[in-house]
Amino acid sequence: MSDESLENEQIGERLYQDAARLFPICRSLTGNGVRETLRIIQAALAPSGAQGPKASLEIHEVASGTSALDWTVPEEWNIRDAFIADPDGTRIVDFSANNLHVLGYSTPVDGYFELDELDPHLYSIAERPDVIPYVTSYYSKRWGFCVSDNVRKSLRPGVKYHVVIDSEFKNGSLSYGELIIPGQVADEVFLSTYICHPSMANNNEVSGPVVLTEVARWLSLKPRRFTYRIVFIPETIGAIVYLSRHLETLKKNVRAGFNVSCVGDDRGYSMVASPYENTLADKVALNVGSFLSPYFKKYSFLERGSDERQYCSPGVELPVVTLCRSKFNEYPEYHTSLDDMNLISPAGFKGGFNFVKRCLEVMECNQRIRVTCFGEPQLGKRGLYPSLSTKGSASVVKSMMDLIAYADGRNDLIKISEIIKVPVWELVPIIEKLRAANLIESESA
Amino acid sequence: MSDESLENEQIGERLYQDAARLFPICRSLTGNGVRETLRIIQAALAPSGAQGPKASLEIHEVASGTSALDWTVPEEWNIRDAFIADPDGTRIVDFSANNLHVLGYSTPVDGYFELDELDPHLYSIAERPDVIPYVTSYYSKRWGFCVSDNVRKSLRPGVKYHVVIDSEFKNGSLSYGELIIPGQVADEVFLSTYICHPSMANNNEVSGPVVLTEVARWLSLKPRRFTYRIVFIPETIGAIVYLSRHLETLKKNVRAGFNVSCVGDDRGYSMVASPYENTLADKVALNVGSFLSPYFKKYSFLERGSDERQYCSPGVELPVVTLCRSKFNEYPEYHTSLDDMNLISPAGFKGGFNFVKRCLEVMECNQRIRVTCFGEPQLGKRGLYPSLSTKGSASVVKSMMDLIAYADGRNDLIKISEIIKVPVWELVPIIEKLRAANLIESESA
Amino acid sequence: MSDESLENEQIGERLYQDAARLFPICRSLTGNGVRETLRIIQAALAPSGAQGPKASLEIHEVASGTSALDWTVPEEWNIRDAFIADPDGTRIVDFSANNLHVLGYSTPVDGYFELDELDPHLYSIAERPDVIPYVTSYYSKRWGFCVSDNVRKSLRPGVKYHVVIDSEFKNGSLSYGELIIPGQVADEVFLSTYICHPSMANNNEVSGPVVLTEVARWLSLKPRRFTYRIVFIPETIGAIVYLSRHLETLKKNVRAGFNVSCVGDDRGYSMVASPYENTLADKVALNVGSFLSPYFKKYSFLERGSDERQYCSPGVELPVVTLCRSKFNEYPEYHTSLDDMNLISPAGFKGGFNFVKRCLEVMECNQRIRVTCFGEPQLGKRGLYPSLSTKGSASVVKSMMDLIAYADGRNDLIKISEIIKVPVWELVPIIEKLRAANLIESESA
């Protein structure tokens, strides 16, 4: 388990550039924006030259009308253009300037409306007059525009506005991406993120896919114990479709899962726990997060909101938690036009990537350990202990001695880390030294 | 489980009137005051006309000298009159003015005493000179008067006071009332209160019997799952006599029990937990009480003092807690003449009745529930979810979604209520909606 | 279990005198100082006259080079003299003035050194210029002097200092003392302290052996349930040697063990818990300590430092905690010349002795108890309850009633003490009264 490498130093910049490429695309539950996003991810993971095996993203299409658990895959929705123009043709509200302007899954419209007819189709936030909100109406047919309250107030009665939404519903399909990176064992670590939001930067549709793409590249290039299953899906319906197809396998194989969302800003680290906060995923995320930041926040499942809702639902009950930097619903820019490229940063991405990476490293190295002798081993004769006993010299090897004290075969590294208050990644080199001295042996955790 | 109904609005007034009728009667462990009290309760519960089945209170008499567990039923004690009069015949202390004036179970006396002879027979509270204390000497024969310290200090040496207690001991019996209201199952809910104190209003001998009489009437008129066993008994010896006769049955059938005491004042809500705080009765009372008031107080079994002492004793170990508004021993008027009709109120009774009623409603409706689908159900297509997703719209159905999240067959309603922080009585209508939509099924809790 | 007796009043003075006798001896892991110390303890415990059976300390010698678990018994080290003298022969640093001056296990030296040659062999504490530190180099051959920083700074360049350490290594042996005091059962209580430090007063090499010698005398003169195994050993290597010889027996027989260290000062009471804080020894020490002082401090195993390190190591896992007044490593005088006879006191010893004694008394009397009747027993008819019920009279027998409430056969006295917040030594006379009334019976705990 390496410290942050030189490459890591540059990784934030690189991920931020990747995000800039995904940001402008207009995505929704279904449609071409989702497909374009998946193709970019696929390309980023394509095998290239002598750098060894890479992962290969498979893109799946699920036909509209397909049943999935309690749900049905909706019609595919695409949009070309949308605007509100004043009588002289000036676009007051323009989809091409910001794709949040259109209510998600709006029906098409082309007509002339007075303010009192138009107003019921407008969504704004009175208390935040500069901001465009993000609103959708997936399962009830409507049309509408999301606008800043300032723009809304500038509309005048007695004028006919030209209102156009050039959208289309059709029997198409829902698209998602899936990537299996095989390991030594069939036991799986499950990773999930979503790709169904239009231009918002932190709220997943940019930060989550960008980070998980990098995680997939990193995983594919290193030795692995676990098999990794990574999905890029539309939120809710995508998770439900995926579960409907793979529930048996997931329940059988998944040892821990991490849903990744809002991992591009630089304000904190947090997790959403599973319903009973008792899975291996909970332990890993809580352990890693607590050492990453003293301000790490564990939200209870009552504060859920992303696909952990499906993965942890009754009967499904996968060991999944959600990893975030600033959690959805908790930061002021959430689900508004302020969640843009200024909200996220290279430093934010670097931290978000490291959070996920650390969790996977802990998964990989976790093991129960046992010392091979009774009583404390004599570390001095092996050069592992200072030969001079001065007041305080004991602290030099404190972590090693504490690890040994709890290496009784009962505890895995996560538990030892928790007890002795040392991160797992600092325990690993200690264990290597002790193993080299034949002082420790592992048992499968 | 209904919200407080119109009838409920008037219930406080009605119970306060009932209390006013019981208040003046002089009760003790045994004797005519107890019998008169039981007959009033019996009449209140008598079947009357077309209003359907009512409960019928059975009055039992247990002969003096009868053995009961480690105890023996004492002689029956009755009192007609008692006073201390000065030489001109003026009654300075008069039983007919306040029946607390006589030490409970006083032997008869009729004689003339100087102050120094009389003084060892007087009980008062120096720090509270206006107050008459409540004192008894059940198991050691004495006579005495309880007086305010002001009256005590007004007595003068060198004067012969005429002292009369016209009381009588005889081989009689101990009286208690018992009411069985059958339900669909033999499993029982046990309710107990005591009827052995003279004129004190909150301390049970008025508030407890009044509330449990109303509870019995309410129970008899509604559909019931459980069988209800309600006893009106003298404290300690009554509980011991009752246990000696029914211990096997109680241990076999009682799922939860509630001892009801001090439920007529309007200052708070509290409970006395069972010894290990782990019974169903503990869970019910803690849940209900916590939602009734943020100031709800759970006292440990170390602070016990009523018949929970017997019901929870080693070997007996019934799942019983005590429900109170202001707990005995904790309010300043306790066991003094200040515990009178001014201390209790219609609002106090209404709350006390509701506390007991809510606990029984939770007992009745408690069940384990399980959703019938995998993944979150699609509430929208059933009209149970807002069709428009705006920031915050999710909160509209937050309780329903949270209930579903934990409806995994592992939790009963009490546990779900505790986890999602919503009272059981708000969960019940939600469950009805979900059941109507075939989204939920029950398992016996 | 008696209250502190008259003898106890004088015990602090007596133990302080014993400490004064041990203090000047220069001890180390091995050598004549250890043997002299053991002989003094042996003499103190020798059978003498008609006072009945006394314990007999056996002194064991283990040859240098003997393997013990992961360790090897070192050569025996003895020292006759050591000094640093200036050119006119004045001893600036003199072993005979303070035996801390010589680095423990120093190799011999006799030569003339300039300051720059001498300086790497000096140990001092810059921030505490008056203090001589305690330093050892057991397992790496060096010579050195421990001096106050003031003395170090007084040395001048350009001067040849005469430096002598008249020490000797030889194939000798490591010495330890062992005492078995048989009881009614083979189950053992294990007591351990160490005898390997030079002149420091609280840090065990005086306080621990003095207190355990007195404990051994007290134990040998009273009836005992348990067999007691008491060892006086060099720290670490002594514990390891002892474990290598007796591990099987210890694991089979020891029910609880107490390592005793730093029990002569008068500042507080503390314990070092076992790794999981769940042994009987943990429960006993925590219970006793908490009632001895509201400031009692439980240190976690992460703050270990004495022979609990060996006794609780993986695979050994004996139920052992360490008992201290001010814990090693936590008080400012620790491992310096300030840990002298002024730091300890008769009051400190009295408290230290009582702490250990109370723990053993709790071990001896601990039992599960059960009342013999259902319901509360009628204490009044047995003279165990006040016959007059006044407000507050219940508190007179509160402890007795609380004990009865939890005497359900589930709890031992330690648990009851914890629940009802009454020390075990106050429960014992209550139990005797109840047993005399046939109200209680014991089960083995």
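All values reported here derive from a predicted model rather than from experimental measurement.

Any chance you could explain the packing of helix α7 (residues 280-292) of chain C against helix α9 (residues 346-365) of chain C here in plain terms?
The relative placement of two packed helices comes down to the angle between their axes together with the axis-to-axis distance. Residue and element names in this part refer to chain C. At a minimum axis separation of 9 Å, α7 and α9 run at an interaxial angle of 125°. On the basis of their axis angle, the class for α7 and α9 is oblique. Handedness of the crossing formed by α7 with α9: right-handed. The residues of α9 that touch α7, namely those facing Leu280, Val284, Ala285, Val288, Gly289 and Leu292, are Phe355, Arg358, Cys359, Val362 and Met363.

Please explain the state of the cysteines as it appears in this structure.
Formally, a disulfide is one covalent bond, and it connects the sulfur atom of one cysteine to the sulfur atom of another. This structure, assessed with the given rule, holds zero disulfides over all chains. The closest cysteine sulfur to the non-disulfide-bonded Cys359(B) is located on Cys365(B), 11 Å from its own sulfur. Relative accessible area serves as the criterion here: at 0%, Cys359(B) is assigned to the buried category. Lacking any disulfide linkage, Cys262(C) is separated from the closest cysteine sulfur, that of Cys324(C), by 5.2 Å. Its relative accessible area of 0% is what places Cys262(C) among the buried residues.

When you look at empty space enclosed by the protein in this model, what are you seeing that I'm missing?
Residues and elements named next belong to chain B. Per the counting criterion, the structure on display carries six cavities of 30 Å³ or more. Here the largest cavity defines a volume of roughly 80 Å³. In terms of lining residues, the largest cavity is bounded by 14 residues, among which Arg27, Trp77, Val102, Gly104 and Pro198 are the most central. For the lining of the largest cavity, the per-class residue count stands at nine nonpolar, four polar and one charged.

Honestly, the relation of the copies chain B and chain C in this entry has me stumped. Any pointers?
One copy of the chain maps onto the other through a rotation about an axis plus a displacement along that axis. Each copy superposes on the other: chain B lies on chain C with an RMSD of 0.1 Å after a rotation of 120° and an axial shift of 0.1 Å. Within this description, the copies of the chain are treated as partners about a three-fold rotation axis. It is Asn278(B) whose C-alpha, among those of chain B, lies nearest the rotation axis, at 13 Å.

What's the story with unusual backbone geometry in this structure? I'm lost.
A positive phi angle is found at Tyr105(B), which is not glycine, with a value near 65°. For Tyr105(B), the location among the structural elements is in the loop between β5 (91-94) and β6 (109-113). Positive phi, close to 60°, is recorded for Thr236(C), a residue that is not glycine. Note that Thr236(C) resides in the loop between β12 (227-233) and α6 (237-253). Here Thr236(C) falls in the buried class, since its relative accessible area comes to 13%.

Looking at this structure, I do not really get helix α2 (residues 32-44) of chain C. What am I missing?
Given 3.6 residues to a turn, an α-helix orients residues that are three or four positions apart in the same direction. Over its 13 residues, α2(C) extends 18 Å from the first C-alpha to the last, a length consistent with the 18 Å expected when each residue adds 1.5 Å. Among the residues making up α2(C), those that are buried are Gly33(C), Val34(C), Arg35(C), Thr37(C), Leu38(C), Ile40(C) and Ile41(C).

What's the story with the interface of chain B and chain C in this structure? I'm lost.
One widely used convention gives an interface's size as the accessible area the parts lose upon coming together. Contacts between the two partners involve 31 residues from chain B and, on the opposite side, 27 residues from chain C. On the chain B side of the contact with chain C, Asp70(B), Tyr276(B) and Leu302(B) bury the most area, a combined 30% of that side's loss. One salt bridge in this structure joins Glu317(B) and Arg410(C), with 3.2 Å as the shortest N-O distance. Of all elements in the fold, only β3 (71-72), α6 (237-253) and α8 (308-311) of chain B reach the threshold of two or more residues within the side of chain B that touches chain C. Here the side of chain B that touches chain C is built from residues that sort into 17 nonpolar, seven polar and seven charged.

What's the story with the interface of chain B and chain A in this structure? I'm lost.
Counting residues at the interface gives 27 residues for chain B, matched by 31 residues for chain A. Buried surface at the junction of chain B and chain A, summed over both partners, amounts to about 2,400 Å²; 50% is from carbon and sulfur atoms. One salt bridge in this structure joins Arg304(A) and Asp402(B), with 2.8 Å as the shortest N-O distance. At the boundary of chain B with chain A, the tally comes to 14 residue pairs in polar contact (both at pLDDT 80 or more). Taken together, the elements giving at least two residues each to the side of chain B that touches chain A come down to α10 (398-405), β18 (408-412) and α11 (413-420) of chain B. With five residues, α10(B) is the single largest residue contributor to the side of chain B that touches chain A. Across the side of chain B that touches chain A, the residue classes break down as 12 nonpolar, six polar and nine charged.

Would you explain the pattern of salt bridges in this entry?
Here the idea is simple: oppositely charged side chains can pair when their charged atoms come close. Residue and element names in this part refer to chain A. The tally for this structure, following the rule as stated, stands at 84 salt bridges over all chains. With a shortest N-O distance of 3.2 Å, Arg80 and Asp166 are connected by a salt bridge. Within this pair, whereas Arg80 is found in strand β4 (residues 76-85), its partner Asp166 is found in strand β9 (residues 161-170), the two being separated by 86 residues in sequence. With a relative accessible area of 56%, Arg80 lands in the exposed category.

I'm lost on the sheet that holds β4(A) in this one. Help?
Adjacent strands of a sheet pair through backbone hydrogen bonds, lying either parallel or antiparallel. Residues and elements named next belong to chain A. Pairing is antiparallel in the open sheet, where four strands are placed in the order β5-β4-β9-β6. Of all the strands in the sheet, the pair left with one neighbour each is β5 (91-94) and β6 (109-113). Between one strand axis and the next, the sheet turns through 15° on average, direction left out of account. Of the pairings in the sheet, the one linking β4 to β5 comprises three bridges and is antiparallel in character. From the neighbouring strand, Phe83 faces β5, where its bridge partner is Asp94.

Explain the pairing of strand β18 (residues 408-412) of chain A to me, please; I cannot follow it from the model alone.
Within a regular beta strand, the side chains point alternately toward one face of the sheet and then the other, so they alternate between its two faces. Residue and element names in this part refer to chain A. The element β18 is extensively covered by neighbouring structure, given that four of its five residues are classed as buried. Sheet topology note: the strand β17 (residues 368-371)/β18 ladder contains two bridges and is antiparallel. Its bridge partner lying in β18, Arg370 is registered against Asp408.

Which parts of the structure should I look at to understand the sheet that holds strand β4 (residues 76-85) of chain C?
Residues and elements named next belong to chain C. Here four strands make up an open sheet; going across it, the order is β5-β4-β9-β6 and the pairing antiparallel. One side of each edge strand has no neighbouring strand; the edge strands of this open sheet are β5 (91-94) and β6 (109-113). Here the average twist between neighbouring strands, direction ignored, is 15°. As judged from the nine bridges shared by β4 and strand β9 (residues 161-170), these two strands associate in the antiparallel manner. Bridge pairing links Glu76 to Lys170 in β9.

What am I meant to see in the side chain of Asn287(A) here?
Residues and elements named next belong to chain A. Tracing the sequence through the fold places Asn287 in helix α7 (residues 280-292). Of the polar contacts made by the side chain of Asn287, one reaches the side chain of Ser417; its length is 2.9 Å. Filtering out sequence-adjacent residues up to four positions away, Asn287 remains in contact with Ile414, Ser417, Glu418 and Val424.

Parameters at a glance
- Residues numbered from 1 in each chain as written.
- Chains lettered and ligands numbered in written order.
- Predicted model: local features only at pLDDT ≥ 70, side-chain atom pairs only at ≥ 80, totals over all residues.
- Heavy atoms only, no water.
- Axes fitted to C-alpha atoms, helices over the stretch in contact; angles between N-to-C directions.
- Helix = DSSP H or I, 4+ residues; strand = E, 2+ residues; numbered from the N terminus.
- Parallel < 35°, antiparallel > 145°, perpendicular 65-115°, else oblique.
- Left-handed = near helix turned anticlockwise from the far one by under 90°.
- Contact = heavy atoms within 4.5 Å.
- Disulfide = S-S within 2.5 Å.
- Buried < 20%, exposed > 50% of the residue type's maximum accessible area, 1.4 Å probe, protein only.
- 1 Å grid on protein atoms, 1.4 Å probe; cavity = no way out; pocket = protein on both sides within 12 Å on 5 of 7 lines; lining within 4 Å.
- Points joined across faces, edges and corners; volume = space filled by probe spheres on them.
- Nonpolar A, V, L, I, M, F, W, Y, C, P; charged D, E, K, R; others polar.
- Least-squares fit on C-alpha atoms with pLDDT ≥ 70 in both.
- Expected span 1.5 Å × (residues − 1).
- Buried area = accessible area lost by both parts, 1.4 Å probe.
- Salt bridge = Lys/Arg side-chain N within 4 Å of Asp/Glu carboxyl O.
- Polar contact = N/O pair within 3.5 Å; in protein donor to acceptor, adjacent residues only side chain to side chain.
- Pairing = 2+ DSSP bridges.

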